[in-house]
Amino acid sequence: MSVHLHWFLPTGGDGRTLVDRHAYTDGGIRRDRITAVSGVRAPDIEYLAQIAKAAEQLGFEAVLTPTGTWCEDAWLTTVALTQVTERLKFLVAFRPGVISPVLAAQMAATYQRISRGRLLLNVVTGGDSTEQKRFGDHLDHDRRYARTDEFLQIVRGAWGGASFDFKGEHYQVEGGLTALPPDPLPQIFFGGSSAAAGPVAARNVDVYLTWGEPPEEVKHKIDWIRGLAEKEGRTVRFGIRLHTISRDSSKEAWATADRLLDDLDPATVAAAQQALGKSESVGQQRMLALHGGSRDKLEISPNLWAGVGLVRGGAGTALVGSHAEVADRIEEYHSLGIEHFVLSGYPHLEEAYWFGEGVRPELAARGLLDAGPAPLDGVPAANGRPASAPGGAPLLIAGGR
């Protein structure tokens, strides 16, 4: 079982601060409405293309694109980026409650042909009723998962190559099919920590994703989903969503984490915690419980830092340390059964290089990576710079900022 490395596309804004998209009055869509926060970057297609190209050059297999009110549409953004990349895959997040399952199956098939087989799907059931209602979805938490269960059954059926009928509580389909099924079928990623989510994962998905909890808690989740899948006669693979702060030394990495923390004033943290505390997501509540809104004792497990979750919803922990230490933690999670590592860092362009040039060689030396296409093949080193700096141009600012 090899490690699969993925990166993140910040389609809601990026920058040198954890505040990122919250620094915008409109989610970062229009440049002329940026508030006075330094180092914040709007999610222009040109900037996102830089990150996608860097991820591809550095040997990442795919990039995750989020879904929600404050980010660009994942389908449209990533299909545009397939035209400026060659082998990078796109893990497209979408909400099953706001689109027809047969249409989603057709969209995935079209995407596979346009991209030549580079689509992965991340199904996001949704843990915030306020946002779900914004999209016209008024189901409660558990019924949303029941609908996702039906949705994924229909998608699989539509990809089967023959007309089929489906009658459930949430969907009734007559003669559903995708005339030209996708080839290959996109792998389906899915996350959910509630009792309602587990059976959906066991019955339908290829990869179950968890946010970055301490290893012992991740192991409990893996055992839980694996047991449910075995009862369904299925095998599910596992992935984890984490941020990273990797540097040449542990001291440098923790200094960067401290700097990110210093950028957060108490009012910003309090407002974020109040908003996040309203989430119905069990996974989000587990993230909040790791730090309790306090800046004290944020290293909740060796090299696992919960500071990101003070202001950011979703994935709230980061692997912090030297390149070897971060590789140690990845190897530890891998030993539990984690194959897919969906990573990110602030800013996403620079942190991709820190990880790709620092941690990836460590993992390769330990035999944890498949011998796939070498990163940056054909790009020579120049002016003493590594091959990942085409033409010898400096790509990182001193101190990682």
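Each chain has its residues counted from 1, running along the sequence as written. Totals for whole chains, interfaces and linings use all residues, but because this is a predicted model, local features are given only for residues with pLDDT of at least 70 and pairs of side-chain atoms are given and counted only at 80 or more. Only hydrogens and water are removed before side-chain values are computed, so all heavy atoms of the structure are retained for them.

Observations regarding the packing of helix 11 (residues 323-336) against helix 12 (residues 348-365)
What counts is decided by this rule: To get an axis, fit a line to the C-alpha atoms, keeping to the stretch in contact for a helix; angles then go from 0 to 180 degrees between the N-to-C directions. A run of DSSP states H or I qualifies as a helix once it reaches four residues; a run of E qualifies as a strand once it reaches two. Both are numbered from the N-terminal end. Should an angle fall under 35 degrees it is called roughly parallel, over 145 degrees roughly antiparallel, and 65 to 115 degrees roughly perpendicular, with every other angle called oblique. Two helices crossing with the near one rotated counterclockwise from the far one by less than a right angle form a left-handed crossing, whereas a clockwise rotation gives a right-handed crossing. What makes two residues a contact is simply this: any of their non-hydrogen atoms within 4.5 Å. In this classification, the charged set is Asp, Glu, Lys and Arg, the nonpolar set is Ala, Val, Leu, Ile, Met, Phe, Trp, Tyr, Cys and Pro, and all remaining amino acids, among them Gly, are polar.
At a closest axis distance of 9 Å, the pairing of helix 11 and helix 12 adopts a crossing angle of 60°. With respect to each other, helix 11 and helix 12 are oriented oblique. Crossing geometry of helix 11 relative to helix 12 is assigned as right-handed. Of the residues in helix 12, those touching helix 11 at His 323, Ala 324, Val 326, Ala 327 and Ile 330 are Trp 354, Phe 355, Gly 358, Val 359, Glu 362 and Leu 363. In terms of residue class, the contact of helix 11 with helix 12 is built from eight nonpolar, two polar and one charged.

Overview of empty space enclosed by the protein
To be explicit about the condition: A 1.4 Å probe that fits into a set of points on a 1 Å grid over the protein atoms alone but cannot get out defines a cavity; an open set with protein on both sides within 12 Å along at least five of seven lines defines a pocket, and lining residues are those with an atom within 4 Å of a point. Grid points are joined across faces, edges and corners, and a volume is the space filled by probe spheres set on the points.
Summed over all chains, the structure comprises two cavities of 30 Å³ or more. Of the volumes computed, that of the largest cavity is approximately 50 Å³. Considering the residues around the largest cavity, the lining is formed by Leu 18, His 243, Thr 244, Ile 245, Thr 256, Leu 260, Trp 305, Val 308, Ala 318, Gly 345, Tyr 346 and Glu 351. When contributions to the lining of the largest cavity are tallied by element, the ones reaching two or more residues are strand 11 (237-247) and helix 8 (250-262). Classifying every residue of the lining of the largest cavity gives seven nonpolar, four polar and one charged. Around the second largest cavity, the lining residues are Phe 94, Ala 104, Leu 121, Val 123, Phe 151, Leu 152, Val 155 and Trp 159.

A short note on the packing of aromatic side chains
The criterion, for reference: The criterion for an aromatic pair is that two Phe, Tyr or Trp rings (for Trp, the six-membered ring) have centres within 6.5 Å, with stacked assigned to planes under 30 degrees apart, edge-to-face to planes over 60 apart and tilted to the rest. Think of it in three bands: with a 1.4 Å probe and only protein chains considered, a residue is buried below 20% of the maximum accessible area for its type, exposed above 50%, and partly exposed in between. Here, a charge over a ring is recorded when the distance from Lys NZ or Arg CZ to the ring centre is within 6 Å and its angle to the ring normal is within 35 degrees.
In the structure shown here, the tally under the stated rule is eight aromatic pairs. Taking 5.2 Å as the distance between ring centres and 40° as the angle between the ring planes, the aromatic pair formed by Trp 7 and Phe 60 counts as tilted. Here Trp 7, found in strand 1 (residues 4-8), pairs with Phe 60, found in the loop between helix 1 (45-57) and strand 4 (62-65); they are 53 residues apart in sequence, far enough to count as distant. A single burial state applies to Trp 7 and to Phe 60, both of which are buried. Here the aromatic residues Trp 75, Phe 94, Tyr 111, Phe 151 and Tyr 171 are joined through ring pairs into a cluster of three or more. Over the ring of Phe 8 we find Arg 312; its NZ or CZ atom is 5.8 Å from the centre of that ring.

Observations regarding the environment of Glu 331
Structurally, Glu 331 is set in helix 11. Here Glu 331 falls in the partly exposed class, since its relative accessible area comes to 32%. When sequence neighbours within four positions are dropped, the list of residues in contact with Glu 331 reads Arg 366 and Leu 368.

Looking at the pairing of strand 4
Using the following cut-off: Two strands qualify as a pair provided DSSP detects at least 2 bridges between them.
Side-chain alternation along strand 4 places Ala 62 and Leu 64 on one buried face and Val 63 and Thr 65 on a second face that is also buried. Pairing analysis gives three bridges linking strand 1 to strand 4, with the strands arranged parallel. By the bridge assignment for strand 4, Phe 8 is matched with Leu 64. Two elements, strand 4 and strand 5 (residues 89-94), share four bridges in a ladder whose sense is parallel.

Regarding the confidence of the model for the protein
Quick reminder of the rule: A residue's pLDDT is the predictor's confidence in that residue, given on a scale from 0 to 100.
Averaged over every residue, the pLDDT of the protein is 87; the share at 70 or more is 87%. Considering only residues more than four positions removed or in separate chains, one finds that residues 22-36, a stretch of pLDDT under 50, has 23 contacts. Ignoring residues within four places in sequence, the model shows residues 377-401, a span with pLDDT below 50, making 39 contacts including any to other chains.

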